[in-house]
Amino acid sequence: MCELNKQTQTTPDTDWDDVVFNSNNINDVYMNFVKTFESTVNRYIPTKTITVRPNDKPFMNNLIRNKIRHRNRIHHKAKTSNNPDHWKKFREIRNEIISLVRKAKDDYKCKLTSQLIDKNIPPGKWWRIAKSVSNFTKNRDSPPFLEHDGQIFIHPLDKSEILNNHFADIANIDIEPEIPDNNEPPPCHLNKFVITEKEILDQLKILNVNKPAGPDGISPRILKEVASFISKPLTKLFNMSLSVKQVPLYQKHSLSRGDLHRFCDALISCSKHPSRHRE
């Protein structure tokens, strides 16, 4: 947190106009912003590599893992030597691990219970925890059959065909609507929308910090923490994108929808406010 505060104190000194907005090409401007932001983050915010163990139980910790490795070594030694002292040591460590696992399970259940009664927890997370606690599983019963003209149909294609014919018969239109002859595309007025810095701040402040980073490697938590310092250049970047009616090419080719969604959030929120349309 100390390093993060240091980063937030240094970010305002960045001359965004000189470093980022030194080109009229939206793609160059976008890449300048990403590189400048990434270099600042890498300089002042430390990172560490963690080991992800997907097969571990959620209550596992380093102490239990170390004890298990120690137990396995003692067990191998006891089997090899058949020494009573080694077997005694093995049983002591085994019993200690059992106690640690029980305590870890109880602590984990208490943690889940406290999260369930938290009123500020997101609904999706609440339901995931509730399902894990209650061991709720999806219903695996057979799908319902459909009876038609004295016959029973089970296959989904047969049932969909019967339902399609039924609704097609009762939804016939006597008079076909006329198709307008105007084939001209609607006018594009994106350049008449203006995004304010407050709208950018609102979008950054509601980012879910529990979401993973996109291909750019920037964590949503970092974006949320430095929102007040990057809101101004982002506002200028988004308005530039609207004025030239173009999304940066690197965002179009992004392999993840996360970054594109992050980039377009402000544009979408702007489109929800027609009053912001300038005549």
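Note that this is a predicted model, so its numbers are computed, not measured.

J.: Before we go on, may I ask you to explain the packing of aromatic side chains in this structure?
T.: Within a pair of aromatic rings, the relevant descriptors are the distance that separates the centres and the angle that separates the planes. Tallied over the full model, the rule gives three aromatic pairs. On the numbers, 5.9 Å between centres and 85° between planes, the contact of Trp 87 with Phe 90 is edge-to-face. Taken together, the positions of Trp 87 and Phe 90, both in helix H5 (residues 84-116) and three residues apart, correspond to about one turn of that helix. Given the relative accessible area of 12%, Phe 90 is considered buried. Ring geometry for Trp 126 versus Trp 127: centroids 5.0 Å apart, planes at 85°, classification edge-to-face. Its relative accessible area of 53% is what places Trp 127 among the exposed residues.

J.: Looking at this structure, I do not really get H5. What am I missing?
T.: In an α-helix, one turn spans 3.6 residues; hence positions three or four apart end up facing the same way. Over its 33 residues, H5 runs 48 Å from end to end, which matches the ideal 48 Å to within 8%, given 1.5 Å per residue. Measuring from the side-chain oxygen of the N-cap residue of H5 to the backbone nitrogen of Asp 85 gives 2.9 Å; that N-cap residue is Asn 83.

J.: So what exactly am I meant to see when it comes to the confidence of the model for the chain here?
T.: Atomic detail in the predicted coordinates should be set aside for any region of low pLDDT. Of all residues in the chain, 76% attain a pLDDT of 70 or more, and the chain-wide mean is 78. For the stretch residues 5-12, pLDDT sits under 50, and the model shows 14 contacts to residues farther than four places along the chain or on other chains. Overall, residues 268-279 carries pLDDT values under 50, and its contacts beyond four positions in sequence, including any with other chains, amount to 16 contacts.

J.: Would you mind showing me how to read the nonpolar core here?
T.: Most often, soluble globular proteins keep nonpolar side chains buried together rather than apart. Core analysis: the biggest nonpolar cluster contains 28 residues, and Phe 33, Phe 37, Leu 204, Leu 223, Ile 230, Leu 234 and Leu 237 have the highest contact counts within it. Where this core is concerned, the elements lending two or more residues are helix H3 (26-44), helix H8 (197-205), helix H9 (220-225) and helix H10 (227-243). Residues Phe 59, Ile 74, Phe 90 and Ala 104 belong to the second largest nonpolar core, which totals eight residues.

J.: How should I be thinking about unusual backbone geometry in this particular structure?
T.: Backbone phi values are negative for most residues with the exception of glycine, while trans is the configuration of most peptide bonds. At Asn 82, a position not held by glycine, the phi torsion is positive, near 55°. In this fold, Asn 82 is placed in the loop between helix H4 (62-81) and H5. With a relative accessible area of 56%, Asn 82 lands in the exposed category. For Asp 149, which is not glycine, the phi torsion reads 55° and is therefore positive. Residue position: Asp 149 is located in the loop between strand E1 (146-148) and strand E2 (151-153).

J.: Sorry, what's going on with the pattern of salt bridges here?
T.: Between side chains of opposite charge, a pair can form as their charged atoms come close. Applying the stated criterion to the full structure yields four salt bridges. Glu 96 is the salt-bridge partner of Lys 67, the closest N and O atoms lying 3.2 Å from each other. With Lys 67 in helix H4 and Glu 96 in helix H5, this residue pair connects regions lying 29 residues apart in the sequence. On the basis of relative accessible area, Lys 67 is assigned to the partly exposed category, the value being 22%. Residue Glu 96 is classed as partly exposed on the basis of its relative accessible area, which comes to 33%. Where Asp 202 meets Lys 198, a salt bridge forms, and the shortest distance between an N and an O atom there is 3.1 Å. Of this pair, Asp 202 and Lys 198 both sit in helix H8, four residues apart, roughly one helical turn. Assessed through its relative accessible area of 33%, Asp 202 is described here as partly exposed. Looking at Lys 198, the relative accessible area reads 58%, which means it is exposed.

J.: Please explain the packing of H3 against H10 as it appears in this structure.
T.: Each pair of packed helices can be described by the angle between their axes along with the distance between the axes. Running from N to C, H3 and H10 point in directions that differ by 165°, and their axes come no closer than 10 Å. Overall, the two elements H3 and H10 adopt an arrangement that is roughly antiparallel. The two elements H3 and H10 meet at a crossing, and its hand is left-handed. Within the contact between the two elements, H3 uses Ile 26, Val 29, Tyr 30, Phe 33 and Phe 37 and H10 uses Ile 230, Pro 233, Leu 234, Leu 237, Met 240 and Ser 241. Of the residues that constitute the contact of H3 with H10, the class distribution is 10 nonpolar, one polar and no charged.

What counts and how
- Residues numbered from 1 in each chain as written.
- Predicted model: local features only at pLDDT ≥ 70, side-chain atom pairs only at ≥ 80, totals over all residues.
- Heavy atoms only, no water.
- Phe/Tyr/Trp six-rings, centres within 6.5 Å; stacked < 30°, edge-to-face > 60°.
- Helix = DSSP H or I, 4+ residues; strand = E, 2+ residues; numbered from the N terminus.
- Buried < 20%, exposed > 50% of the residue type's maximum accessible area, 1.4 Å probe, protein only.
- Expected span 1.5 Å × (residues − 1).
- Polar contact = N/O pair within 3.5 Å; in protein donor to acceptor, adjacent residues only side chain to side chain.
- pLDDT = per-residue confidence, 0-100.
- Contact = heavy atoms within 4.5 Å.
- Core = buried A, V, L, I, M, F, W, Y, C linked by side-chain atoms within 4.5 Å.
- Salt bridge = Lys/Arg side-chain N within 4 Å of Asp/Glu carboxyl O.
- Axes fitted to C-alpha atoms, helices over the stretch in contact; angles between N-to-C directions.
- Parallel < 35°, antiparallel > 145°, perpendicular 65-115°, else oblique.
- Left-handed = near helix turned anticlockwise from the far one by under 90°.
- Nonpolar A, V, L, I, M, F, W, Y, C, P; charged D, E, K, R; others polar.

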